[in-house]
Amino acid sequence: MKQQRGLLSGPWSALATLMLGLIVPTEISAQQLAAATPTKDDELWQRTVDLVRQGEFTRASALVDTLPHGSLTDKVRSWLTQYQETQTSRRELNRADFDLFVGYAKARYERKEYALALEKAVRAADNAENRDLFVKEPWLESVIKDALTEADGFRKASQWEDAWEIYYYLGLLFENHEGYQKLERECINHLRLERIFEKDNKWEEPLRDIRWDMASKTLDFLAKYYVDEKLDFKKLTQAGLEQLLLLTESKSAQARFEGLGDETLRTECQERLRERLRQASQAASLDSRAAAEYFSRALHIVQTTVKLPENLIVSELMRGGLENVDDFTSNIWPADWDEFKKHTEGDFIGVGISIVKNSKGQVEVVSPLEDTPAFRAGVQPGDLILKVNDADLSEMSINRVVDTITGPKDSEVTLGMRRGTKDFDLTLKRELVVIHTVKGFSRDPQDPQKWNFWADKEQGIAIVRVNSFAKNTVAELEGVLSQLKTEGMKGLMLDLRGNPGGLLDAAEAMASLFLPSGARVHSINGRYTRDNKLYDVPAAGAFRDVPMAVLTDGNSASASEIVAGALRDNKRALVIGERTYGKFSVQNLIPINPMPPAALKITTAHYYLPSGVSLHRQPGAKTWGVEPNISVPLVTNERFKAYQMRRKADVIGVAKDEEDFDKLPAPDADVSEKKDDAPAHPAQQLESGEGGAEAGHPKAEDGATAGLKEGETTGEPQTEGAEPTEAKADAKPKLPPLEQPAKNNRPEVDPQFDTALMIMRITLLGQSFPTLATANVPASGTRHE
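What counts as what
- Residues numbered from 1 in each chain as written.
- Predicted model: local features only at pLDDT ≥ 70, side-chain atom pairs only at ≥ 80, totals over all residues.
- Heavy atoms only, no water.
- Helix = DSSP H or I, 4+ residues; strand = E, 2+ residues; numbered from the N terminus.
- Buried < 20%, exposed > 50% of the residue type's maximum accessible area, 1.4 Å probe, protein only.
- Contact = heavy atoms within 4.5 Å.
- Areas by Shrake-Rupley, 256 points an atom, 1.4 Å probe, with all protein chains shown as cover.
- Axes fitted to C-alpha atoms, helices over the stretch in contact; angles between N-to-C directions.
- Parallel < 35°, antiparallel > 145°, perpendicular 65-115°, else oblique.
- Nonpolar A, V, L, I, M, F, W, Y, C, P; charged D, E, K, R; others polar.
- Phe/Tyr/Trp six-rings, centres within 6.5 Å; stacked < 30°, edge-to-face > 60°.
- Lys NZ or Arg CZ within 6 Å of the ring centre and 35° of its normal.
- Left-handed = near helix turned anticlockwise from the far one by under 90°.
- Arc of directions from axis to C-beta.
- Polar contact = N/O pair within 3.5 Å; in protein donor to acceptor, adjacent residues only side chain to side chain.
- Expected span 1.5 Å × (residues − 1).
- Salt bridge = Lys/Arg side-chain N within 4 Å of Asp/Glu carboxyl O.
- Pairing = 2+ DSSP bridges.
- Core = buried A, V, L, I, M, F, W, Y, C linked by side-chain atoms within 4.5 Å.
- pLDDT = per-residue confidence, 0-100.

**Concerning the overall build of the chain**
- Within the chain, the regular secondary structure consists of 26 helices and 22 strands.
- Counting the 785 residues in the chain, one finds 55% classified as buried.
- Residue pairs in contact within the chain that sit at least 24 positions apart in sequence constitute 71% of those at least 6 positions apart.
- Accessible area for the chain stands at about 34,700 Å²; split by element, carbon and sulfur atoms hold 50% of it.

**Regarding the packing of helix H16 (residues 263–282) against helix H17 (residues 288–305)**
- Put simply, H16 and H17 touch, their axes get as near as 9 Å, and they point 170 degrees apart. When the axes of H16 and H17 are compared, the pair comes out roughly antiparallel. Contacts from Leu265, Glu268, Cys269, Arg272, Leu273, Arg276, Gln279 and Ala280 in H16 reach Glu293, Tyr294, Arg297, Ala298, Ile301, Val302, Thr304 and Thr305 in H17.
- Its residues assigned to classes, the contact of H16 with H17 comprises eight nonpolar, three polar and five charged.

**So, the packing of aromatic side chains**
- Taken as a whole, this structure holds 17 aromatic pairs when the rule is applied.
- Between the aromatic rings of Phe514 and Phe543, the centroid separation amounts to 6.5 Å while the plane-to-plane angle is 45 degrees, which identifies the pairing as tilted. With Phe514 in the loop between helix H23 (504–512) and strand E16 (520–526) and Phe543 in the loop between strand E17 (533–536) and strand E18 (548–552), this residue pair connects regions lying 29 residues apart in the sequence. The pair Phe514 / Phe543 is uniform in exposure class, with both members buried.
- Between the aromatic rings of Phe584 and Tyr607, the centroid separation amounts to 4.7 Å while the plane-to-plane angle is 25 degrees, which identifies the pairing as stacked. Of this pair, Phe584 sits in the loop between strand E19 (574–577) and strand E20 (585–593) while Tyr607 sits in strand E21 (residues 598–608); the two residues are 23 residues apart in sequence, bridging distant segments of the chain. One exposure class covers both Phe584 and Tyr607, and it is buried.
- Of the aromatic side chains, those joined through ring pairs into one cluster are Phe98, Phe134 and Trp139.
- Positioned above the aromatic ring of Trp624, the side-chain terminus of Arg579 is 3.6 Å from the ring centre.
- Seen from the ring of Phe328, Lys583 lies directly overhead, with NZ or CZ sitting 5.3 Å from the centre.

**Focus on the packing of helix H13 (residues 233–249) against H16**
- Relative orientation of the contacting elements H13 and H16 amounts to 165 degrees, with a least axis distance of 10 Å. Classified by the angle between their axes, H13 and H16 sit roughly antiparallel to one another. Crossing geometry of H13 relative to H16 is assigned as left-handed. Across from Lys234, Thr237, Gln238, Leu241, Glu242, Leu244, Leu245, Thr248 and Glu249 in H13, the residues of H16 making contact are Arg266, Cys269, Gln270, Leu273, Arg274, Arg276, Leu277, Ala280 and Ser281.
- Broken down by class, the residue content of the contact of H13 with H16 amounts to seven nonpolar, five polar and six charged.

**Points about helix H21 (residues 398–405)**
- Within H21, the full set of buried residues consists of Ile398, Val401, Val402, Thr404 and Ile405. Projected down its long axis, H21 carries its buried residues within an arc of 165 degrees, all on one side.
- Each element contacted by the buried residues of H21 is listed here: helix H19 (334–345), strand E3 (353–357), strand E4 (363–368), strand E5 (384–388) and strand E7 (412–419).

**Focus: unusual backbone geometry**
- Of note, the bond from Met595 into Pro596 is cis; its omega dihedral lies within 30 degrees of zero at -10 degrees.
- In this structure, Pro596 sits in the loop between E20 and E21.
- At Asp390, a position not held by glycine, the phi torsion is positive, near 70 degrees.
- Here Asp390 lies in the loop between E5 and strand E6 (391–392).

**Examining the side chain of Arg77**
- Mapped onto the elements of the fold, Arg77 is located in helix H6 (residues 71–110).
- On the basis of relative accessibility, which here comes to 7%, the residue Arg77 falls in the buried class.
- At a separation of 3.1 Å, a polar atom in the side chain of Arg77 contacts the main-chain carbonyl oxygen of Leu67.

**Notes on H6**
- Counted at 1.5 Å a residue, the expected span for H6 with its 40 residues is 58 Å, and the 59 Å between its end C-alpha atoms agrees.
- Count one or two residues on from H6 and you reach Lys112, which has phi positive near 60 degrees.

**Side note on the environment of Leu245**
- Mapped onto the elements of the fold, Leu245 is located in helix H13.
- Ignoring anything within four residues of it in the chain, the contact list for Leu245 reads Gln270, Leu273, Arg274 and Leu277.

**Some remarks on the pattern of salt bridges**
- In this structure the tally under the stated criterion is 37 salt bridges.
- Here Arg77 ties to Asp65 by a salt bridge, and the two come within 3.3 Å at their closest N and O atoms. Taken as a pair, Arg77 in helix H6 and Asp65 in the loop between helix H5 (57–64) and H6 lie far apart in primary sequence, 12 residues in all.
- Between Asp750 and Arg497 there is a salt bridge; the shortest N-O distance is 2.8 Å.

**Structural notes on the pairing of strand E8 (residues 422–429)**
- Pairing of E7 with E8 involves eight bridges; the strand directions are antiparallel. Within E8, the position partnered with Val413 by the bridge is Leu428.
- In this structure, the hairpin formed by E7 and E8 is closed by a connection of two residues, where Gly420 is found at a positive phi of approximately 70 degrees.

**Observations regarding the nonpolar core**
- Formed by 54 residues in total, the largest nonpolar core has its most connected members in Leu219, Leu222 and Leu308.
- Going through the elements one at a time, helix H12 (212–225), H13, H16, H17, helix H18 (310–323), E20 and E21 are the ones with two or more residues in this core.
- The element contributing the most residues to this core is H17, with eight residues.
- Leave out the neighbours within four places in its chain, and Leu222 touches Leu231, Phe233, Leu236, Leu322, Thr329, Arg527, Leu600 and Ile602.
- Counting residues in each nonpolar core, the second largest holds 49 residues, with Val438, Val550, Val586 and Ala605 among its members.

**Structural notes on the confidence of the model for the chain**
- Predicted confidence across the chain gives a mean pLDDT of 85, with 84% of residues reaching 70 or more.
- The low-confidence segment residues 659–729 (pLDDT under 50) makes 219 contacts with residues lying over four places distant or belonging to another chain.
- When the criterion is pLDDT under 50, residues 777–785 qualifies, and its contacts beyond four places in sequence or with other chains add up to 18 contacts.

**Things to note about the pairing of E16**
- Direction of pairing for E16 relative to E17: antiparallel, over a ladder of four bridges. Counterpart to Ser523 in the pairing with E17 is Leu534.
- In the sheet, E16 pairs with E21 via four bridges, with the strands oriented antiparallel. Looking across to E21, one finds that Ser523 is bridged to Tyr608.

Here you go:
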């Protein structure tokens, strides 16, 4: 009997019990016997389920059409038909948008408006059936050639914003193109230095308490602990010195600092720095001690000539140097420490509001956080905060606003608010605010502090969204899943879209909830043997048998990739959506100053999936990240509508309707009196002095960056003073405005969610009904021809 039972498994387990029962004398009804006897139709039914789980929806739809009518087959037929109709509609809308934006791009090209032509071409490529073929079309190659020529002229004329816009769009058109990314970063660097010292800009805030000894320790720790023991300190040194020279060339810096404004002193400083750079460039190689000596000497030169402050000099040296190490190794300076700690620990002392600087530069409430002083006091989405303790916020950076609102536990803070046309003061007592990183499908209408986690209550399919990996994330998730299990959860959709990552041990613990004992989650290989690690599930997870799907997108990074990759490679869940970001490196935090706290976040190892691969996104790479089992790519308009749906679900109260995608915060960049992530459009990314993570990418402390460091992004660009006509590259005659409307006509649906839900529904039906007879198909059922 044991041998026979061992041969039967999977969806036929119910059938196995009935068939084995035939060996033992028992009474079996004719209906049970019919249900237990597999037929050709039953094989086709199970094949339909398999095809759905493989993403072969067209073939599954054709196959289910050959099956008899019945409650089960008609339901599945209806789902697949509706899904196919939706996909047809999506393709038609994509084609219409493609034709629209191609026409717009060509019209802009005829007017020699190359940046705008590229912007429209990016939108066209987004909707193209074959992106690779589209970018090779002759007319677009001509646009690119002329745009590059114009950008080169802009760079020579120091028109950095104009040049940057072109490289930005080229980088979007040619994903992961190392050359365009490098040129874009160069332009951003020049723009940052021009804008950081503008009048009324509080450049000192993010640089407070930075000292040379912190930089010296950073260089020492890089030599000792960086994952690659052959780290190029010569390249690092050159980049740091070049960055310092750029600082001395900045017009706004020359206007702000008296020493830099003195041409004689400035020239002496620059000549001595260039000599040090020449010496470093001619050296065969440099180690960390030599790099420290070059940087220390450069610090002395600048301090004794143009007399710039130590914190600024050190910051620029390390910015330039570390930018050439990797995207994830960086200094956490004293001004950054509290914000960094907040996002890794998952709590803070404050009043509990998510805020953003809107297009008018006003501090606007995105949403109060649940069970916080702000929520209990009735703060609403769209409220404006004009003052904090009578201090006007109009000239404050968003990070400074955060610092002003937060404070000691049980202390009071008074917010000067505006709702519509009414101004009022609101005094709140600060308390410990827990950042909830686990969210559901929608708010409970009876209690908006609670979540509805059911995607399909009737079938027992739950959806849980996790937007970061903090220290309290797994405990919160386990509590939610335990409650859902008691309420009848039969299937789970784990949504990791937009999740930038976080703590490694949280990722390990989360994956372990869903895997059997001994299953491999990941391995780590570092520079030293002591850094190597194999992580296998220590004990069988409480939810190891719950059927699962995992949703991912291009902003799922780091810890999200560990969980998605482990569940995919162990064949424990289907990954549905889009390829993840590709951040497969491990960072450790090494203190470089006790008080005020500062640290070096340094890459010490790379991690590998259970399959043995490490899919870190290297410059110029073609392959990276966790590929989904079933790919459901979204175009920009679809992604925005899906984002709107999630944002409306997150907001406690009535979310503001926002029509302009370019002026929205990035998806799921919520919480903790911190500004939402910057928008993706280049015109929204340049204002310096305002904190925030990179546009649409994981936050720097968790993973990916977009080429800008903390404190450089967000907001509308400030208008530069008019430059002399002779400084402009190829000045063009002003053309009349060209109207090119592009309304987002996509329905408010989430194709990735819908795909995952349909797969989960049919998967569960296949498990519950291994034969059509078990679903009460009429014996005389007619076939669907």
